Amino acid sequence: MKTLTTEELRQVSACKSTRFYKKGDVIFDEGESLNGIFCVRSGVAKLTKLSANGKDHTVKLLGKGELLGQRSVISDERTNLSAVAINDIELCYVPKDQLLTHIQGNNAFSLDILRNLATDLRGAEDDLINMAQKSVKQRLTEVLIYVQNTFGHDSEGYLSLVLSREEYASIVGTATESAIRILSQFKKDGLISTTGKQIKIENLEGLKRIG
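Residues numbered from 1 in each chain as written. Predicted model: local features only at pLDDT ≥ 70, side-chain atom pairs only at ≥ 80, totals over all residues. Heavy atoms only, no water.

> For the nonpolar core, give the residues involved together with the corresponding values.
Ranked by size, the top nonpolar core spans 23 residues in total, and within it Leu144 and Phe186 carry the most contacts. Mapped by element, the contributors of at least two residues to this core are helix H5 (136-151), helix H6 (165-172), helix H7 (176-188) and strand E10 (198-201). No other element matches the six residues that H5 contributes to this core. Sequence-distant contacts of Leu144, defined by excluding residues within four places in its chain, comprise Leu159, Tyr168, Leu183, Phe186, Ile192, Ile199, Ile201 and Leu207. One finds Leu47, Leu81, Leu91 and Tyr93 within the second-largest nonpolar core, a separate group that totals 21 residues. (Core = buried A, V, L, I, M, F, W, Y, C linked by side-chain atoms within 4.5 Å. Buried < 20%, exposed > 50% of the residue type's maximum accessible area, 1.4 Å probe, protein only. Helix = DSSP H or I, 4+ residues; strand = E, 2+ residues; numbered from the N terminus. Contact = heavy atoms within 4.5 Å.)

> Before we move on, can you summarise the packing of H5 against H6 with the specific residues and values?
Their axes nearest at 9 Å, the elements H5 and H6 cross at an angle of 115 degrees. In terms of orientation, H5 and H6 fall into the roughly perpendicular class. At the point where H5 passes H6, the crossing takes the right-handed sense. Contact with H5, carried on its side by Val136, Arg139, Leu140, Val143 and Leu144, involves Tyr168, Ile171 and Val172 of H6 and no other residues of that element. Looking at the contact of H5 with H6 residue by residue, the classes come out as seven nonpolar, no polar and one charged. (Axes fitted to C-alpha atoms, helices over the stretch in contact; angles between N-to-C directions. Parallel < 35°, antiparallel > 145°, perpendicular 65-115°, else oblique. Left-handed = near helix turned anticlockwise from the far one by under 90°. Nonpolar A, V, L, I, M, F, W, Y, C, P; charged D, E, K, R; others polar.)

> Please set out the packing of aromatic side chains residue by residue, giving values where relevant.
Counted by the stated rule, this structure contains three aromatic pairs. With 5.1 Å between their ring centres and 55 degrees between their planes, Phe38 and Tyr93 make a pair best called tilted. Of this pair, Phe38 sits in strand E3 (residues 36-42) while Tyr93 is found in strand E8 (residues 89-95), placing the two residues 55 residues apart along the sequence. As far as burial versus exposure is concerned, Phe38 and Tyr93 are alike and both buried. Of the aromatic side chains, those joined through ring pairs into one cluster are Phe28, Phe38 and Tyr93. One residue, Arg19, lies across the ring of Tyr93, its end atom 3.7 Å from the ring centre. (Phe/Tyr/Trp six-rings, centres within 6.5 Å; stacked < 30°, edge-to-face > 60°. Lys NZ or Arg CZ within 6 Å of the ring centre and 35° of its normal.)

> Give me the sheet that holds strand E1 (residues 17-21): which residues, what numbers.
Read across the sheet, four strands follow the order E1-E8-E3-E6 without closing on themselves; strand pairing throughout is antiparallel. Each having just a single partner strand, E1 and strand E6 (67-68) make up the two edges of the open sheet. Where E3 meets E8, six bridges bridge the pair, whose relative direction is antiparallel. Directly across from Phe38, in E8, lies its bridge partner Tyr93. (Pairing = 2+ DSSP bridges.)

> Lay out the confidence of the model for the protein chain in plain terms, naming residues and giving numbers.
Within the protein chain, residue pLDDT values average 84, and 78% of them lie at 70 or more. When pLDDT is averaged over each element of the protein chain, E10 comes out on top at 97 and helix H1 (residues 6-15) at the bottom at 54. (pLDDT = per-residue confidence, 0-100.)

> Which residues make up the sheet that holds strand E7 (residues 82-85), and what values do they have?
Judged by pairing direction, the sheet is antiparallel, and its four strands sit side by side in the order E2-E7-E4-E5 without closing on themselves. On the outer flanks of this sheet lie strand E2 (26-28) and strand E5 (56-62), each paired with one strand and no other. In this sheet, neighbouring strand axes are inclined to one another by 35 degrees on average, regardless of whether the strands run parallel or antiparallel. In terms of strand pairing, strand E4 (residues 45-50) meets E7 through four bridges, oriented antiparallel. Paired with Leu47 across the strands is Ala83, a residue of E7. Across the sheet, H6 touches E4 and E5, and the angle it forms with E5 is around 95 degrees.

> So what about the pattern of salt bridges? Which residues, and what values?
Inspection of the entire model under this criterion finds eight salt bridges. Asp76 serves as the salt-bridge partner of Lys96, at 2.7 Å between the closest nitrogen and oxygen. Of this pair, Lys96 sits in helix H3 (residues 96-105) while Asp76 sits in the loop between helix H2 (70-75) and E7, and the two are 20 residues apart along the sequence. (Salt bridge = Lys/Arg side-chain N within 4 Å of Asp/Glu carboxyl O.)

> An account of the packing of H6 against H7 is needed here, citing residue identities and associated values.
For any two helices packed against each other, one specifies the crossing angle of their axes together with the interaxial distance. Orientation of H6 relative to H7, taken along the N-to-C sense of each, is 105 degrees, at an axis distance of 8 Å. Accordingly, the angle class assigned to the pair H6 and H7 is roughly perpendicular. Residues Arg165, Glu166 and Ala169 of H6 form the contact with H7, whose own contacting residues are Thr176, Ala179, Ile180 and Leu183. Its residues assigned to classes, the contact of H6 with H7 comprises four nonpolar, one polar and two charged.

Okay, here's the thing in structure tokens:
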């Protein structure tokens, strides 16, 4: 949005709306036609893909300032992912026609959108490489570090973003039992500590050596 002129920003602001979703709510489903894009104001969403075995695989976590649905809107295709609220979330919604108007009329804004899509593609490529080349333990380590670096921790050191063991398993692409077993080993080794679903990284350098 930084590349939009003051007048363009005013036009976008005039037509945007705010939407609220509770934890677990579906923002949009795989295969849906979107009439606008979403930007996260607060909270966290996840993008998921339904696999052949009927299980959801978490493709990406999205926090404040990140966009949902832009690829489908720009390509005029149905969504190939679902978006779900991990916790209570506030989203800004911008209608499709307003977005496309500024893409067509503002070259700098169009370039920003292309860069954003290219970054997403690079991230997807990196994820595929990780899945193919790294062990489940290494991938889980990277997720723990990513969650801390991206979403921070509370005053007691616990990760601010609280994910279930099922959600960790979905992100790294493994069975829930495997994720539980690895996290238990991390705890035994003094790399993390836990209280219920909450996780605290106790030895960041130790985790980095695994990853």
